Amino acid sequence: MAKGARTFYPKLFGSKFLITKEIPQAPAPSTDPAKPLDHSPAKAKVNAIMQQAGLPLPVEASTLPATPKLSYTKKQLAEHSQALLDWQNKIDQLNANDPAEWHDHAQAMQTLTFLGEDELKDLWRKYKKHAESLGIGYDSEYHAFYLLERQHQ
């Protein structure tokens, strides 16, 4: 059936059907602990099955770019923690009627270079949410904070 599908319907099925004989067989695992396992036949089998299914090939960890490992001394960690704590504590002191002050404090986030991209995004999201709870909005088009219209009771 696989040969028929490849022959008569190559555009419909993409010529990716394999028969059992065409799939590479993995060798029996070695019992010798000194000899490392050869995963290339198993890898070839997985790749063939993935191609047949029209799925992207799996990514191997060895092909991923290495992320630089950050290592800080205890003193540096303490300084970074204190800088983040100072920045967060200052939020409570910001004037809820002065959007410029909120903008300036947002700019101070650029000094928190030790935070990762996801951590900065999360901090930014929380900062905008807190500002909004106090009646200050953020316009992402103009990159500016502004006073929200307050409803009078």
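Fair warning: this is a prediction, and the values are worked out from it, not measured in the lab. (Residues numbered from 1 in each chain as written. Predicted model: local features only at pLDDT ≥ 70, side-chain atom pairs only at ≥ 80, totals over all residues. Heavy atoms only, no water.)

(A) Representation of the pattern of salt bridges. One pass over the full model with this rule turns up three salt bridges. For Asp122, the salt bridge identified is with Arg125, shortest N-O distance 3.6 Å. One end of the pair is Asp122 and the other is Arg125, both in helix H6 (residues 117-133) and three residues apart, which spans about a single turn. Linking Asp122 and Lys126 is a salt bridge whose minimum nitrogen-to-oxygen distance equals 3.3 Å. Note that Asp122 and Lys126 are positioned in helix H6 at a spacing of four residues, about one turn of the helix. You can call Asp122 partly exposed: its relative accessible area is 30%. Counted as one network, the salt bridges with shared partners bring together Asp122, Arg125 and Lys126. (Salt bridge = Lys/Arg side-chain N within 4 Å of Asp/Glu carboxyl O. Helix = DSSP H or I, 4+ residues; strand = E, 2+ residues; numbered from the N terminus. Buried < 20%, exposed > 50% of the residue type's maximum accessible area, 1.4 Å probe, protein only.)

(B) Focus on the nonpolar core. Counting residues in hydrophobic clusters, the biggest one holds 14 residues, and the most contacted among them are Trp87, Trp102, Leu112, Leu123, Tyr127 and Phe145. Where this core is concerned, the elements lending two or more residues are helix H4 (74-91), helix H5 (99-107) and H6. Looking at which element gives the most residues to this core, the answer is H6, with three residues. The contact partners of Trp87, leaving out residues within four places of it in the chain, are His105, Ala108, Met109, Leu112, Leu123 and Tyr127. (Core = buried A, V, L, I, M, F, W, Y, C linked by side-chain atoms within 4.5 Å. Contact = heavy atoms within 4.5 Å.)

(C) Examining the pairing of strand E2 (residues 144-147) more closely. For strand E1 (residues 136-139) and E2, the ladder comprises four bridges, and the chain directions are antiparallel. Counterpart to Asp139 in the pairing with E2 is Ala144. Here E1 hands over to E2 after four residues, with His143 in that stretch at a positive phi of 55 degrees. (Pairing = 2+ DSSP bridges.)

(D) Highlighting unusual backbone geometry. Even without glycine at this site, His143 takes up a positive phi of about 55 degrees. Within the secondary structure, His143 is located in the loop between E1 and E2. Looking at His143, the relative accessible area reads 52%, which means it is exposed.

(E) Structural context of the packing of H4 against H6. Running from N to C, H4 and H6 cross one another at 15 degrees; their axes reach a closest spacing of 11 Å. Comparing their axes, H6 and H4 come out roughly parallel. For the crossing formed where H4 meets H6, the hand is right-handed. In this structure, H4 uses Leu84, Trp87, Gln88 and Ile91 to contact H6, whose residues at the interface are Leu123, Tyr127 and His130. Tallied by class, residues from the contact of H4 with H6 come to five nonpolar, two polar and no charged. (Axes fitted to C-alpha atoms, helices over the stretch in contact; angles between N-to-C directions. Parallel < 35°, antiparallel > 145°, perpendicular 65-115°, else oblique. Left-handed = near helix turned anticlockwise from the far one by under 90°. Nonpolar A, V, L, I, M, F, W, Y, C, P; charged D, E, K, R; others polar.)

(F) Here's a closer look at the packing of aromatic side chains. Tallied over the full model, the rule gives seven aromatic pairs. Ring plane angle 80 degrees and centroid distance 5.8 Å describe the contact between Tyr127 and Phe145, whose orientation is recorded as edge-to-face. Residue Tyr127 is located in helix H6, and its partner Phe145 is located in strand E2; the two are separated by 18 residues in the primary sequence. Overall, Tyr127 belongs to the buried group, its relative accessible area being 1%. Note on Phe145: relative accessible area 8%, which makes it buried. Taken together, Trp87, Trp102, Trp124, Tyr127, Tyr138 and Phe145 form an aromatic cluster joined through their ring pairs. (Phe/Tyr/Trp six-rings, centres within 6.5 Å; stacked < 30°, edge-to-face > 60°.)

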